[in-house]
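The primary structure of each chain is shown beneath.
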Amino acid sequence: MSMSYDRAITVFSPDGHLFQVEYAQEAVKKGSTAVGVRGKNVVVLGVEKKTVAKLQDDRTVRKICALDDNVFMAFAGLTADARIVVNRARVECQSHRLTVEDPVTVEYITRFISSIKQRYTQSSGRRPFGISSLIVGFDFDGTPHLYQTDPSGTYHAWKANAIGRSAKTVREFLEKNYKEEHMESDTDTIKLAIRALLEVVQSGGKNIELAIMKRDESMKILVQEEIEEYVTAIEKEKEENMNIF
Amino acid sequence: MATFFGEVLSVYSRAVEEDDDDLDDENEDERIHREIEEKREVHIVWCPEVAQSLEDSGSNTLQCSDLIIAVGTNAAGFLSAYVLNTESWDAVGHVSLWNERSRGSSRQSIAPLPGEPACLFYRHRDNPAVLVCQSTCYIAEDQLFQWTEKVFGCLQKRGLSVMVLSDSPVAEYKTPDYLYGSAVPFLRSLKSSASKGQALCPALEQPNILTGLPAAVLSHCQVHQIPAVLYQCYTDVISPDSITMETYKPALLCLSKLVKLEPCLSADVLRKFAIITEAQSNLYT
């Protein structure tokens, strides 16, 4: 690896790499897993809960943040960088409302966040943001969206995706198990997100946090009992499938 | 003396004996050098039984068939969890040394406290020819030669075979290819030419090199034609971590021929040896 091209963010290596941006992707992999699924009438974000220190107030350790009434996001990577990005996005959502009297579309706010991230990859003296984010929500015409951003400032729309520590495993699970027809049902969409997380989360449902948003409703974070209900149903289905064979 | 450029140089006259002053200065320099050398000397402190065996043998050496050295916290944690956990090992000695980064040993004869960076020796009760050394303290470059000379000086060369497990940050691994996250941590091996038999992982590619204690041990084995194999684990985690420790598992194949090992380790036991920094670190979410 050409070590001398690490130093300055604004320098390309001879083979076209921006090493600082690529290293920022590594910082994302140090955050715990987050998964997002876009259903027809509901959007779901699930995260692996971090073990919180005994004396720490766990309400201050949140991976899922609401940006506005119709958009929320989860991130993976450096906590402090995420806070800055989330704050700027929230301000932009309100500024948009005041200026054009409409809530932001999911694509607009994703583009805004990505532009900030890209700017930090092209300025000297600054480093890229070490976070990837999954942004979900509904536009005012009722269309659901799921977008993923990364430290380089690119964003793409997805039907289901994962970021963070075991993202590759979760993404493979989603590719195998995502079925378009199941996305019509809210329960099945939520179950897909939970099943995907259970692949990589240790000790099951109590380490999962889930947030959902139905069309024309605000974000709802599921309580532990509701998650346990889904987990029990999933385990029952798994057993039934085993018994068939 | 006047020079061409008009400056005046003072010249030492060889007629006058000025040695008396110089002698004192030299003595002081020598004294300081000697003090530093003594401070930086490497001492091996054996337990009474082993010290007795050393005396009883005519050559002041121990009979040793296998020496396993772990350098670094993950290598030491792996040995602690998989090998030393079976309670048939006795602590038989330690190395005490001082340098800027390892200031522990002003108390030479007292064994280091558990958890402190140290260099400890263990011997198997049923098979006393198997020695394990866990080195978690920093050994300075000028002390490496002393360390190897003194440690290997206590062991009989005949029939000796050495295995070294060593940690290294993956940032120091040089490769033209991009390393994907799932590849790390991984093992690479290096052998002395006297070592026959296959290593259990790919050899360390050029231009990567070893440094520090593993390099000193391997060089010593190469020079003295002792069969030695080294397993270097490249990892991206700074602190002891259970996944990195598990990467050393291929070495268990060789070790199981020598001593009884913990057959199936539960993840909880491994985690005990890994520092639980996850809960305290809020840097990444």
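Residues numbered from 1 in each chain as written. Chains lettered and ligands numbered in written order. Predicted model: local features only at pLDDT ≥ 70, side-chain atom pairs only at ≥ 80, totals over all residues. Heavy atoms only, no water.

Chain B appears in an unreviewed UniProt entry as Proteasome assembly chaperone 1 from Oncorhynchus kisutch. Taken from UniProt, the Sequence similarities (unreviewed entry) comment for chain B reads in full: "Belongs to the PSMG1 family." (UniProt positions renumbered as here; feature names shortened; annotations may be inferred.)

With an unreviewed UniProt entry as reference, chain A is termed Proteasome subunit alpha type, source organism Oncorhynchus kisutch. Under the heading Subunit (unreviewed entry), UniProt records this for chain A: "The 26S proteasome consists of a 20S proteasome core and two 19S regulatory subunits."

Asks: Hey, could you run me through the packing of aromatic side chains in this one?
Replies: In this description, a pair of aromatic rings is defined by centroid distance and the angle of the planes. Residues and elements named next belong to chain B. Within the structure shown, the criterion is met by nine aromatic pairs over all chains. Between Tyr173 and Phe186, the ring centres sit 4.9 Å apart and the planes meet at 70°, which makes this aromatic pair edge-to-face. With Tyr173 in the loop between strand E6 (161-169) and strand E7 (186-191) and Phe186 in strand E7, this pair connects stretches of sequence that are 13 residues apart. Comparing Tyr173 with Phe186, the two get one shared label, buried. Each residue in the set Phe78, Tyr82 and Tyr248 is aromatic and connected to the rest through ring pairs, giving one cluster. If you follow Lys39 out to its NZ or CZ, it ends over the ring of Trp98, 4.1 Å from the centre. When the ring centre of Tyr138 is taken as origin, the NZ or CZ atom of Arg101, which lies over that ring, is 3.9 Å away. (Phe/Tyr/Trp six-rings, centres within 6.5 Å; stacked < 30°, edge-to-face > 60°. Helix = DSSP H or I, 4+ residues; strand = E, 2+ residues; numbered from the N terminus. Buried < 20%, exposed > 50% of the residue type's maximum accessible area, 1.4 Å probe, protein only. Lys NZ or Arg CZ within 6 Å of the ring centre and 35° of its normal.)

Asks: Looking at this structure, how should I read the sheet that holds strand E9 (residues 208-214) of chain A?
Replies: Residues and elements named next belong to chain A. Taken in spatial order, the five strands line up as E8-E1-E2-E9-E10 in an open sheet, and their pairing is antiparallel. The open sheet terminates on both sides in strands that have one partner only, identified here as strand E8 (160-163) and strand E10 (220-221). Taken together, the seven bridges between strand E2 (residues 42-48) and E9 define a ladder with antiparallel strand orientation. Looking across to E9, one finds that Glu48 is bridged to Ile208. Across the sheet, helix H4 (residues 167-177) touches strand E1 (34-38) and E8, and the angle it forms with E8 is around 165°. (Pairing = 2+ DSSP bridges. Contact = heavy atoms within 4.5 Å. Axes fitted to C-alpha atoms, helices over the stretch in contact; angles between N-to-C directions.)

Asks: Explain the sheet that holds strand E5 (residues 130-135) of chain B to me, please; I cannot follow it from the model alone.
Replies: Strand-to-strand pairing in sheets goes through backbone hydrogen bonds, with the strands running parallel or antiparallel. Residues and elements named next belong to chain B. As summarised here, the arrangement of the eight strands in space is E1-E3-E4-E5-E2-E6-E8-E7, forming an open sheet in which the pairing is mixed. Two strands lie at the open edges of the sheet, namely strand E1 (43-46) and E7, each paired on one side alone. With strand direction ignored, the average angle separating the axes of adjacent strands in the sheet is 20°. Its contacts with the sheet put helix H5 (residues 212-223) on strand E2 (66-71), E5, E6, E7 and strand E8 (228-235), and the angle it makes with E6 is roughly 155°.

Asks: Quick question: what am I supposed to make of the pattern of salt bridges here?
Replies: Any two side chains of opposite charge can pair, so long as their charged atoms come close to each other. Residue and element names in this part refer to chain A. Using the criterion set out here, one finds 15 salt bridges over all chains in the structure. With a closest N to O distance of 2.7 Å, Lys191 and Glu237 form a salt bridge. One end of the pair, Lys191, is in helix H5 (residues 186-198); the other, Glu237, is in helix H6 (residues 224-244), with 46 residues separating them in the sequence. What emerges from the salt-bridge pattern is a single network uniting Asp68, Asp69 and Arg97. (Salt bridge = Lys/Arg side-chain N within 4 Å of Asp/Glu carboxyl O.)

Asks: Hey, could you run me through helix H1 (residues 19-28) of chain A in this one?
Replies: If you check which residues of H1(A) are buried, you get Phe19(A), Val21(A), Glu22(A), Ala24(A), Ala27(A) and Val28(A). In this fold, the buried residues of H1(A) make contact with strand E4 (71-77) and strand E5 (131-138) of chain A.

Asks: Explain the pairing of E5(A) here, please?
Replies: On a regular strand, each side chain points to the face opposite its neighbour's, so the side chains alternate between the two faces of the sheet. All names here are of chain A. Among the eight residues in E5, eight count as buried, and that is most of the element. Bridging between E5 and strand E6 (residues 144-149) involves six bridges; their strand directions are antiparallel. By the bridge assignment for E6, Phe138 is matched with Pro144. The loop that links E5 with its antiparallel partner E6 comprises five residues; one of these, Gly142, has a positive phi angle of about 90°.

Asks: How do you make sense of the environment of Asp90(B) when you look at a structure like this?
Replies: Residues and elements named next belong to chain B. Within the fold, Asp90 resides in strand E3 (residues 89-96). Residues Asp90 and Leu131 lie 41 residues apart in sequence; the distance between their C-alpha atoms is 9.8 Å. Contact partners of Asp90, with chain neighbours within four places excluded, come to Phe121, Tyr122, Arg123 and Arg125. In terms of polar contacts, Asp90 uses its side chain to reach the side chain of Arg125, at 3.0 Å. (Polar contact = N/O pair within 3.5 Å; in protein donor to acceptor, adjacent residues only side chain to side chain.)

Asks: Any chance you could explain the pairing of strand E4 (residues 119-124) of chain B here in plain terms?
Replies: Where E3(B) meets E4(B), six bridges bridge the pair, whose relative direction is antiparallel. Across the sheet, Asp90(B) pairs through a bridge with Arg123(B), a residue of E4(B).

Asks: Looking at this structure, I do not really get the packing of H5(A) against H6(A). What am I missing?
Replies: Describing two packed helices takes the angle between their axes plus the distance from one axis to the other. Residue and element names in this part refer to chain A. Between H5 and H6, the least distance of the axes is 10 Å, while the angle of their chain directions is 80°. Relative to H6, the element H5 lies roughly perpendicular. Seen from H5, the contacting residues are Thr187, Ile190, Lys191, Ile194, Arg195 and Leu198; seen from H6, they are Tyr230, Val231, Ala233, Ile234 and Glu237. Its residues placed into classes, the contact of H5 with H6 shows seven nonpolar, one polar and three charged. (Parallel < 35°, antiparallel > 145°, perpendicular 65-115°, else oblique. Nonpolar A, V, L, I, M, F, W, Y, C, P; charged D, E, K, R; others polar.)

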